[in-house]
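# Coordinates in review
Here are the chains, one letter per residue:
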Amino acid sequence: MKSARRQVAKQRCTPAKSSRKHIGKLFEDLVAVQARLRAPGGCPWDREQTHATLRTYLIEETYEVLDAIENGSAQDLAEELGDLLLQVLFHADLARETGAFDISDVVTGIHDKMVRRHPHVFGDVKADTARDVLRNWVQLKAKEKQAASLNSGASHDPAISALDSVPRNLPALLEAYQMTRRAAQLGFDWERVEGIFEKLEEETTELHVALEASNRQAAEEEVGDLLFSVVNLARFLGLDPEVTLKHSNLKFKKRFQEMEREASSSEKNLSQLSKEELEQLWDSAKAKVRSQISLGSEP
């Protein structure tokens, strides 16, 4: 199923210039294709899917978009964005069948939101910097949430937080990044990066104390605080902690695989080597991988 859809996406990834003038028609055709797949006599697999069963595919397609961005291939990015768009259409079509909403509601909603959240472009609000824009965005979002709560009949809740919009089911790394980003947009941030380094030293010291006391619960808490501080550091420096960790993961993988190759060439098994031999292999692998990267080749 996946490969068949990829083939279709590849055929569409480089449309003729003339076709780009008819985005509305192209979008309508894609909506019709998805509806046909779900209709009686359509695709058995598509007809079995629900919002719940599609969650895995939505996550998968999102990460494939990120991989395409990382790889720098415009063709791959166009294809993966198409796959991600298909997931949006799929969920909208499921909702249409139950009468909840349809794709027109999705498009109208995001169109109106973008206009509403950019009063400095479509209104009279002044925002000279990206920081001003983000601060306005957070304030508008909070007001919208409060208004929606009142419209639903709920009583005014002065305890509504800017962090309430951060989903609790996010992976912990992304949740920490989003929470510190929201707080920073409202002005709650470090003045300078040295303050975060001092915080890291403080958390490291507290972790040492917990370890010396053999207090596992305290150690777990301090490791969490340490990780949170590292995420905050990445965010402060304008880096995405997920992306930076992915880079480090890949770097470790390449180096470790090079260690395995070197050991195998000497008819050795890593598990049978001493700590000193492993360290030597690691240093050798680091140097080799670094050299290959500088030459623009893969190990």
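Remember, it's a predicted structure, so these values are computed and weren't measured experimentally. (Residues numbered from 1 in each chain as written. Predicted model: local features only at pLDDT ≥ 70, side-chain atom pairs only at ≥ 80, totals over all residues. Heavy atoms only, no water.)

### Points about the overall build of the chain
We count it as follows: For helices the rule is a DSSP run of H or I covering at least 4 residues; for strands it is a run of E covering at least 2, with both sets numbered from the N terminus onward. Buried residues are those whose accessible area, probed at 1.4 Å on protein chains only, stays under 20% of the maximum for their type, while exposed residues exceed 50% and partly exposed ones sit between those limits. When checking whether two residues touch, look at their non-hydrogen atoms; a contact exists if any pair is within 4.5 Å. Surface exposure here means Shrake-Rupley accessible area, sampled with a 1.4 Å probe, where a residue is shielded only by the protein chains that are shown.
Along its length, the chain carries 13 helices and zero strands. Listing every helix and strand of the chain by position from the N terminus yields α-α-α-α-α-α-α-α-α-α-α-α-α. Considering the chain as a whole, with its 299 residues, one finds that 25% of them fall into the buried category. Long-range pairs, those at least 24 residues apart, make up 54% of the contacts in the chain with a sequence separation of at least 6. With the model as given, the accessible surface of the chain reaches about 20300 Å², and the carbon-plus-sulfur share is 57%.

### Considering the layout of surface pockets
One way to see where empty space is left: roll a probe the size of a water molecule over the atoms. The line we're drawing: In this analysis a 1.4 Å probe is tested at points of a 1 Å grid over the protein atoms alone, and where it fits but cannot get out there is a cavity; an open set with protein on both sides within 12 Å along at least five of seven lines is a pocket; lining residues have an atom within 4 Å of a point. Grid points are joined across faces, edges and corners, and a volume is the space filled by probe spheres set on the points. Three residue categories are used. Nonpolar comprises Ala, Val, Leu, Ile, Met, Phe, Trp, Tyr, Cys and Pro, charged comprises Asp, Glu, Lys and Arg, and polar comprises the others, including Gly.
When its volume is computed, the second largest pocket comes out at roughly 530 Å³. Looking at the second largest pocket, it is lined by 13 residues, and the ones nearest its centre are Leu-58, Ile-59, Thr-62, Leu-84 and Leu-170. Elements with a minimum of two residues in the lining of the second largest pocket: helix H4 (55-71), helix H5 (74-98) and helix H9 (172-185). When residues of the lining of the second largest pocket are assigned to their parent elements, the largest contribution, five residues, is made by H4. Here the residues of the lining of the second largest pocket sort into eight nonpolar, three polar and two charged.

### Quick word on the pattern of salt bridges
Put simply, the rule reads: Any Lys or Arg side-chain nitrogen located within 4 Å of an Asp or Glu carboxyl oxygen qualifies as a salt bridge.
For the coordinates displayed, the defined rule picks out 13 salt bridges. When the shortest N-O distance is used, the salt bridge between Arg-168 and Glu-175 registers 2.5 Å. Since its relative accessible area comes to 68%, Arg-168 is described here as exposed. The buried category is assigned to Glu-175, whose relative accessible area is 10%. Note that Lys-288 is salt-bridged to Glu-258, the shortest N-O span being 3.1 Å. Taken together, the positions of Lys-288 in helix H13 (residues 275-294) and Glu-258 in helix H12 (residues 241-265) put the pair 30 residues apart, joining distant regions of the chain. Exposure remark for Lys-288: the relative accessible area of 39% places this residue in the partly exposed category.

### Regarding a negative patch on the surface
Heads up, the rule is: Put simply, a patch holds well-exposed residues, over 30% relative accessible area, that have no salt bridge, with like charges counted together within 9 Å and Val, Leu, Ile, Met, Phe, Trp or Tyr side chains within 5 Å. The charged-residue count follows a simple rule in which Lys and Arg add positive charge and Asp and Glu add negative charge, with His and chain termini not counted at all. For this purpose, a charge sits on NZ of Lys, CZ of Arg, CG of Asp or CD of Glu.
A grouping of Glu-276, Glu-277, Glu-279 and Asp-283 is seen on the molecular surface, where their side chains present a negatively charged patch. Of note, Glu-277 is situated in helix H13.

### Notes on the packing of aromatic side chains
Going by this rule: Here a Phe, Tyr or Trp ring, Trp counted by its six-membered ring, pairs with any other such ring whose centre lies within 6.5 Å, and the pair is stacked when the planes are under 30 degrees apart, edge-to-face when over 60, and tilted otherwise. Throughout this description, the term charge over a ring refers to an Arg CZ or Lys NZ atom that lies within 6 Å of the ring centre and within 35 degrees of the ring normal.
Using the criterion set out here, one finds four aromatic pairs in the structure. Ring centres of Trp-45 and Phe-90 lie 6.4 Å apart, and the angle between their planes is 70 degrees; this geometry places the pair in the edge-to-face category. A residue pair is termed long-range when its members are at least 10 positions apart, and Trp-45 in helix H3 (residues 44-48) and Phe-90 in helix H5 qualify at 45 residues. Under the relative-accessibility criterion, Trp-45 is labelled partly exposed at 24%. One aromatic cluster is present, formed by Trp-45, Tyr-57 and Phe-90 through successive ring pairs. If you follow Arg-117 out to its NZ or CZ, it ends over the ring of Trp-137, 4.8 Å from the centre.

By themselves, these figures tell us nothing about what the structure is for.
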